[in-house]
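Working through the structure, step by step
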Amino acid sequence: MNNGLRLRYRIVDVFSDRPLAGNALCVVLDPVPEAVMAAIAREVNLSETTFPVQIADDAYDVRIFTPSAELPFAGHPSLGTAWVLGPKMWAQTSSGATVQVTADADGAVMTQPDPTFDWLGDHAAEGVRRALGASTTEGVCRAEAAGNAHVIVPTAAPIEGLNPDLGAIAGIAAELSATTCSVVRRVDDGHLHVRVFAPGAGISEDPGTGSAAGPVALLARQLWATDTDVLIRQGDEMGRPCRIQVHAEVGALRVGGRVAACAEGTFTL
């Protein structure tokens, strides 16, 4: 039954300079009853849907949902939401963090809290390696920031052909209270190849993961002495190529990328 609720939305593709690539995001522009937020996110079925409420000329609060869970913080939703709200420096507050997001006509860049890193023991790391179907790894690390935790698996082996056991990954992530499992390979000092799996959040594979990009780039600097400024390549295997720019410096961690408008419309509920 139509109850007369009309909610405007926009869909943008983050970490891409063209529509139908990058990581898609739905931004709902009108006030939404809390009871229907999760249902809208399931209906849209993108990696994330956001519900921002502007509280000042340069600040807003936001709720961030995957198809099956609410997140305390996420990267591509932060960039895409600020870009939709307009070009300026925004203070974005979610339940996990308040970050600065600067949007312009081409894209957006955000500050990111420094993560903490904890390396898993050999037995746990071997379980992650088997779940990913990775031939070799250089250990397994858990990184946490802004209420989100990421399992990060560095490897020297190519990662294009991974065939992960998503059920096992979901179980490992739940055991470690992590949202994602990220695999990273150094291509050269300024370029990383990353794949991210988040089946526990309803996302088999994520095309572009801004919240993981900062910790991944900082860890790569520690392990491989990569450049301070690196480009992360993600999403190609899904046909949704993302290019994520990271300034990997403790105390000045920044993640950004291009944003492209894709669609707009109205929910009639």
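Up top is the structure.
Now for a description of the structure that goes with this document. (Residues numbered from 1 in each chain as written. Predicted model: local features only at pLDDT ≥ 70, side-chain atom pairs only at ≥ 80, totals over all residues. Heavy atoms only, no water.)

1. A closer look at the overall build of the protein chain
- Looking only at helices and strands, the protein chain features 5 helices and 17 strands.
- Against the compact-globule benchmark of 18 Å for 269 residues, the protein chain has a radius of gyration of 18 Å, which places it among compact chains.
- For the C-alpha atoms alone, the extent of the protein chain along its principal axes is close to 55 × 35 × 30 Å.
- Within the span of the protein chain, comprising 269 residues, buried residues form 52% of the whole.
- Pairs at least 24 apart in sequence give 61% of the contacts found in the protein chain among residues at least 6 apart.
- Accessible surface computed for the protein chain: about 11100 Å², of which carbon and sulfur atoms make up 50%. (Helix = DSSP H or I, 4+ residues; strand = E, 2+ residues; numbered from the N terminus. Rg over C-alpha atoms; globule rule 2.2 N^0.38 Å. Buried < 20%, exposed > 50% of the residue type's maximum accessible area, 1.4 Å probe, protein only. Contact = heavy atoms within 4.5 Å. Areas by Shrake-Rupley, 256 points an atom, 1.4 Å probe, with all protein chains shown as cover.)

2. Here we look at unusual backbone geometry
- One non-glycine residue, Phe-15, lies in positive phi territory at about 70°.
- For Phe-15, the location among the structural elements is in the loop between strand S1 (6-14) and strand S2 (23-28).
- Residue classification places Phe-15 among the buried residues on the basis of a relative accessible area of 3%.

3. Structural notes on helix H5 (residues 210-224)
- Over its 15 residues, H5 runs 21 Å from end to end, which matches the ideal 21 Å to within 8%, given 1.5 Å per residue.
- Burial analysis of H5 places 12 of its 15 residues in the buried class, which makes it a mostly covered element.
- Those residues of H5 lying buried are Gly-210, Ser-211, Ala-212, Ala-213, Gly-214, Pro-215, Val-216, Ala-217, Leu-218, Leu-219, Ala-220 and Trp-224.
- Looking one or two residues past H5, Ala-225 carries a phi angle of roughly 55°, positive in sign. (Expected span 1.5 Å × (residues − 1).)

4. Brief notes about the packing of helix H3 (residues 122-132) against helix H4 (residues 166-175)
- Viewed as axis vectors pointing N to C, H3 and H4 meet at an angle of 150°, and their least axial separation amounts to 8 Å. With respect to H4, the axis of H3 lies roughly antiparallel. In this structure, the crossing between H3 and H4 has a hand that is left-handed. Facing Gly-127, Val-128, Ala-131 and Leu-132 of H3, the residues of H4 in contact are Ala-168, Ile-169 and Ile-172.
- Residue composition of the contact of H3 with H4, by class: 6 nonpolar, 1 polar and no charged. (Axes fitted to C-alpha atoms, helices over the stretch in contact; angles between N-to-C directions. Parallel < 35°, antiparallel > 145°, perpendicular 65-115°, else oblique. Left-handed = near helix turned anticlockwise from the far one by under 90°. Nonpolar A, V, L, I, M, F, W, Y, C, P; charged D, E, K, R; others polar.)

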